[in-house]
Amino acid sequence: MVDVALLPGEYAVCRLAAGAVLGPALWGELGDAEVVSVSWAADGVSVICPTPRAPGEVETDWRCLRIVGPLGQAVTGTLAALIGPLTEARVDPVAFSTYDTDHVLVPAVRLGEATAALRRAGHRVLD
């Protein structure tokens, strides 16, 4: 069983051009229940953040589930334990990690189905 916390508000996944400069709105002070993830690659910059901080166009609204942690680096299979039930329920997740824990985004319009699938799999969803 995994405990996951539903973070407040909606999240965005943005794709920016390679070498894009990220403004201060993205890096401003984060609330206790917010997370921002930035990945740079040769073909572009990917940003996951609360929707009001989005530096680009938002096509889909997402909700963010955080695995209650810290997990530690020796823990394996925790993320897979969440992704499996979500994909079986035909909810397309987006996963990303921070040093201490993992996060899973689910489409906001599928949140009810996602949390129901996780609960059926024996996980506890804290909202």
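Residues numbered from 1 in each chain as written. Predicted model: local features only at pLDDT ≥ 70, side-chain atom pairs only at ≥ 80, totals over all residues. Heavy atoms only, no water.

The protein appears in an unreviewed UniProt entry as ACT domain-containing protein from Micromonospora carbonacea.

I tried to follow the overall build of the protein on my own but got confused; where do I start?
Across its full length, the protein holds three helices and eight strands. Computed over its C-alpha atoms, the radius of gyration of the protein comes to 15 Å, within 12% of the 14 Å expected for a compact globule of 127 residues. Along the three orthogonal principal directions, the C-alpha set of the protein runs to about 40 × 30 × 30 Å. The 127 residues of the protein split such that 36% are buried. Looking at the protein alone, contacts between residues at least 24 apart form 69% of all its contacts between residues at least 6 apart. Accessible area of the protein: about 7100 Å², with a carbon and sulfur share of 52%. (Helix = DSSP H or I, 4+ residues; strand = E, 2+ residues; numbered from the N terminus. Rg over C-alpha atoms; globule rule 2.2 N^0.38 Å. Buried < 20%, exposed > 50% of the residue type's maximum accessible area, 1.4 Å probe, protein only. Contact = heavy atoms within 4.5 Å. Areas by Shrake-Rupley, 256 points an atom, 1.4 Å probe, with all protein chains shown as cover.)

Looking at this model, I keep getting lost on the environment of Val 2. Mind explaining?
Among the structural elements, Val 2 can be located in the segment before β1 (3-6). With near-sequence residues (within four places) excluded, Val 2 lies in contact with Ile 67, Thr 78, Ala 81, Leu 82, His 123 and Arg 124.

What is the right way to read the side chain of Arg 63 from this model?
Note that Arg 63 resides in strand β5 (residues 62-67). Despite its burial, Arg 63 pairs with no opposite charge, the nearest such side chain being Glu 10 at 6.0 Å. Separated by 2.9 Å, the side chain of Arg 63 and the backbone oxygen of Gly 9 make a polar contact. Apart from residues lying up to four places away in sequence, Arg 63 is in contact with Leu 6, Leu 7, Pro 8, Gly 9, Glu 10, Val 104, Leu 105, Val 106, Ala 108 and Leu 111. (Lys, Arg positive; Asp, Glu negative; His and termini not counted. Salt bridge = Lys/Arg side-chain N within 4 Å of Asp/Glu carboxyl O. Polar contact = N/O pair within 3.5 Å; in protein donor to acceptor, adjacent residues only side chain to side chain.)

Looking at this structure, how should I read the pairing of strand β7 (residues 102-107)?
On a regular strand, each side chain points to the face opposite its neighbour's, so the side chains alternate between the two faces of the sheet. Of all the six residues making up β7, six are buried; the element is thus mostly covered by neighbouring parts of the structure. Of the two faces of β7, the one holding Asp 102, Val 104 and Val 106 and the one holding His 103, Leu 105 and Pro 107 are both buried throughout. One ladder, built from five bridges, connects β5 with β7; its direction is antiparallel. Directly across from Leu 65, in β7, lies its bridge partner Val 104. Across four bridges, strand β6 (residues 94-97) lies against β7 in antiparallel orientation. Paired with Val 94 across the bridge in β7 is Leu 105. Here β6 folds back onto β7 in antiparallel fashion, the turn holding four residues. (Pairing = 2+ DSSP bridges.)

Help me understand the pattern of salt bridges in this model?
Any two side chains of opposite charge can pair if their charged atoms end up close together. A complete count under the given rule lists four salt bridges for this structure. Measuring nitrogen to oxygen at the nearest pair gives 2.7 Å for the salt bridge that ties Arg 124 to Asp 3. One end of the pair, Arg 124, is in strand β8 (residues 124-126); the other, Asp 3, is in strand β1, and 121 residues separate them in sequence. Given a relative accessible area of 43%, Arg 124 falls into the partly exposed group. Glu 113 is the partner of Arg 110 in a salt bridge, and the nearest nitrogen-oxygen pair spans 2.7 Å. Residue Arg 110 is classed as partly exposed on the basis of its relative accessible area of 22%.

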